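# Secondary and tertiary structure notes
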Amino acid sequence: MTEMNYFLNGGNLYMKKIAFITGISGQDGSYLADFLLSKGYIVHGLIRRSSSFNTSRLEHHINNPEVYNKTFFLHYGDLSDYNSIYQMIEKSQPNEIYNLGAQSHVRVSFDMPVYTGTIDGIGTLHVLEAVKCYQEKYGKQIKYYQASSSEMYGKVQEVPQKETTPFYPRSPYGCAKVYAHHLTVNYRESYGLHASCGILFNHESPRRGETFVTRKITRAVGRIYQGLQKELYLGNLDSLRDWGYAGDYVEAMWLMLQQKTPDDYVIATGQMISVKEFLVKSFEYAGLKNYQDYVKIDSKYFRPAEVDQLLGDSTKARNVLGWNPKVNIDGLVKMMVDHDMELAREEFMIHHMTKRKIDSKKYEISYS
Ligand code: NAP
Ligand code: G4F
């Protein structure tokens, strides 16, 4: 234990809280790491071995010698590998675990159902079992957060959806998340784990993966504006989503683990718009009038079964946790388009400086 593990408050020395995050290199994991470090936590994260860099969202911590390997640590592991999870828990001795790691792309889960079930379903079981075994061995409680999803409501059984709404998943991803959700509730009820599920509706940001629809749109807006891309290929424009800001949603995860009693909470804005409306807002904000001039429909982006609409009722989280989203849909569009206009401007400058020919197809073709 070094002085980094303690903090001084009112003349007393306290141990810093320790958090362990799976999926730390993803959108939510990176915002959660920022949030917990700002609260004085020591943060450990699980990353996968990859042949290319997969830590771009964490570079501000990796490049900060005050933080890296002092209060912020990364460890190689995989949710499919129970040993790596258990060893990391023994090594980091966390007070809180946030299980955010997943194959999180719904369309891809139809192509890779077994892998998605293995990571999102059995991977969750690995983490829960490791927590249970660690608690039994050392008698120390670990609070557990499970990244459940509004995809579990699928073919929605009521509008809006709340904690008691029955699940009707429409994809291998949704099915795996339902399994992981029920496992978490079962470990809470069977073994007394302090385990909570956040049923989070879609949340986006400038760090959103580029194959999810909002980011795909805002990236294209920036590149079209700069003349780097001519067309944007999309699938179903009619589906409706309740989109919030990821930075707001990670606070809700933390709030769940600060409660005396574990429970499950819907986290959502309560506002729903269509993919088409998101398109219009993004193009108009950038000053590009007719989105129809650029958007083409490609059947490869449609799913075998679609989730037509998702609208969350987060009354419970607002009343019990005191959680409220700060960014609305227009604020989100502005944040993402502003960010991606700047990114495209930098890309354009590189083309300009290197006199590299612009190949718009490079940006237009993607797999998911
Ligand atoms: P994301 O950006 O796709 O991040 C997923 C993370 O999981 C990445 O760090 C990824 O690592 C990691 N991962 C993937 N496979 C793994 C494996 N086999 N072993 C260990 N780690 C693995 O997803 P996100 O948007 O941050 O979402 C976080 C969690 O919330 C996910 O569980 C997602 O299903 C759930 N969720 C998301 C939303 C949303 O709207 N964003 C809504 C509800 C629930 P790499 O970086 O190496 O790929
Ligand atoms: O951005 P999406 O891929 O998100 P989706 O499927 O709603 O899933 C996201 O939110 C879930 C929470 O509800 C998370 F659990 C999950 O991990 C993920 O973060 O697609 C949104 C909508 C869909 O209806 C899709 O069919 O946009 C439609 N869409 C239309 N064209 C497209 C495209 N989606 C993608 N990814 N790419 C397209 O070209």
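In what follows, the structure referred to is the one given above.
As a starting point, this report considers the structure included with it. (Residues numbered from 1 in each chain as written. Chains lettered and ligands numbered in written order. Predicted model: local features only at pLDDT ≥ 70, side-chain atom pairs only at ≥ 80, totals over all residues. Heavy atoms only, no water.)

## Section: the site of ligand 1
Note the cut-off: Throughout, the term near means that a residue has one or more heavy atoms lying within 4 Å of the molecule or strand in question. We define a polar contact as two N or O atoms separated by no more than 3.5 Å, with the added condition that, inside protein, one atom must be a possible hydrogen donor and the other a possible acceptor, whereas residues neighbouring each other in sequence contribute only through side-chain atom pairs. The Shrake-Rupley method, run with a 1.4 Å probe sphere, supplies the accessible areas, and residue values consider only the shown protein chains as cover.
The environment of ligand 1 is made up of 26 residues, and the closest members are Ser 25, Asp 28, Arg 48, Ser 104 and Tyr 173. The backbone of Gly 23 places a nitrogen or oxygen atom 3.3 Å from an oxygen atom of ligand 1. Interatomic distance of 3.1 Å between a backbone N/O atom of Ala 102 and an oxygen atom of ligand 1. For ligand 1, whose accessible area on its own is 900 Å², the fraction buried by protein is 90%.

## Describing the site of ligand 2
Cut-off, in case you're wondering: Comment: elements are numbered from the N terminus, with helices defined as DSSP H or I runs of at least four residues and strands as E runs of at least two. Put simply, Ala, Val, Leu, Ile, Met, Phe, Trp, Tyr, Cys and Pro go in the nonpolar bin, Asp, Glu, Lys and Arg in the charged bin, and everything else, Gly too, in the polar bin.
Taken together, 24 residues lie near ligand 2, and Ser 149, Ser 150, Ser 239, Arg 303 and Glu 306 sit nearest. Separating an oxygen atom of ligand 2 from a side-chain N or O atom of Lys 216 is a distance of 2.8 Å. If you list the elements that add at least two residues to the shell around ligand 2, you get α7 (213–225) and β10 (232–234). Here the shell around ligand 2 is composed, by residue class, of 9 nonpolar, 9 polar and 6 charged.

## Considering the packing of α7 against helix α11 (residues 329–354)
Put simply, the rule reads: Axis geometry follows a simple rule: fit a line to the C-alpha atoms, using only the stretch in contact for helices, then measure angles between N-to-C directions, giving values from 0 to 180 degrees. Roughly parallel refers to an angle under 35 degrees, roughly antiparallel to one over 145, roughly perpendicular to one between 65 and 115, and oblique to any angle outside these ranges. By convention the crossing between two helices is left-handed if the near helix lies anticlockwise of the far one by an angle smaller than a right angle, and right-handed if it lies clockwise. Two residues form a contact once any of their heavy atoms are found within 4.5 Å.
Relative orientation of the contacting elements α7 and α11 amounts to 45°, with a least axis distance of 8 Å. Overall, the two elements α7 and α11 adopt an arrangement that is oblique. Read as a crossing pair, α7 and α11 show a hand that is right-handed. Between α7 and α11, the residues in contact are Thr 214, Arg 215, Thr 218, Arg 219, Val 221, Gly 222, Arg 223 and Tyr 225 and Met 336, Val 337, His 339, Asp 340, Met 341, Leu 343, Ala 344 and Glu 347, respectively.

## Examining the sheet that holds strand β7 (residues 143–149)
Which entries qualify depends on this criterion: A strand pair is defined by DSSP finding two or more bridges across the two strands.
Read from one edge to the other, the open sheet built from 7 strands follows the order β5-β4-β3-β6-β7-β8-β13, with strand pairing classed as parallel. Two strands in the sheet have a free side with no partner beyond their single neighbour: β5 (72–76) and β13 (264–267). Across the sheet, the mean angle from the axis of one strand to that of its neighbour is 20°, orientation sign disregarded. Alignment of β7 against strand β8 (residues 195–200), held across 6 bridges, turns out to be parallel. In the strand pairing of β8, Ser 149 is matched with Leu 200.

## So, helix α8 (residues 246–257)
To be explicit about the condition: A helix is expected to span 1.5 Å for every residue after the first. Partly exposed describes any residue whose relative accessible area lies between the buried limit of under 20% and the exposed limit of over 50%, with all areas from a 1.4 Å probe on protein chains only and scaled to the type maximum.
Here α8 spans 18 Å end to end across 12 residues, near enough to the 16 Å set by a 1.5 Å rise per residue. Of all 12 residues in α8, 10 are buried; the element is thus mostly enclosed. Here α8 has its buried residues at Ala 246, Asp 248, Tyr 249, Val 250, Ala 252, Met 253, Trp 254, Leu 255, Met 256 and Leu 257.

## A look at the side chain of Lys 16
Relative to the assigned elements, Lys 16 resides in the loop between β2 (12–15) and β3 (18–22). For Lys 16, a relative accessible area of 17% puts it in the buried group. The residues touching Lys 16, leaving out its near neighbours within four places in the chain, are Met 4, Asn 5, Tyr 6, Phe 7, Gly 40, Ile 42, Thr 71 and Asn 95.

## Quick word on the pattern of salt bridges
Pairs may arise between side chains of opposite charge once their charged atoms sit close together. As a reminder of what qualifies: Any carboxyl oxygen of Asp or Glu that lies within 4 Å of a side-chain nitrogen of Lys or Arg is treated as forming a salt bridge with it.
In this structure the tally under the stated criterion is 20 salt bridges. Among the salt bridges present, the one from Arg 223 reaches Glu 347, with a minimum N-O distance of 2.9 Å. Of this pair, Arg 223 sits in helix α7 while Glu 347 sits in helix α11, and the two are 124 residues apart along the sequence. Here Arg 223 matches Glu 347 in class, with each residue buried. Connected through shared salt-bridge partners, Glu 210, Arg 219, Arg 223 and Glu 347 make up one network.

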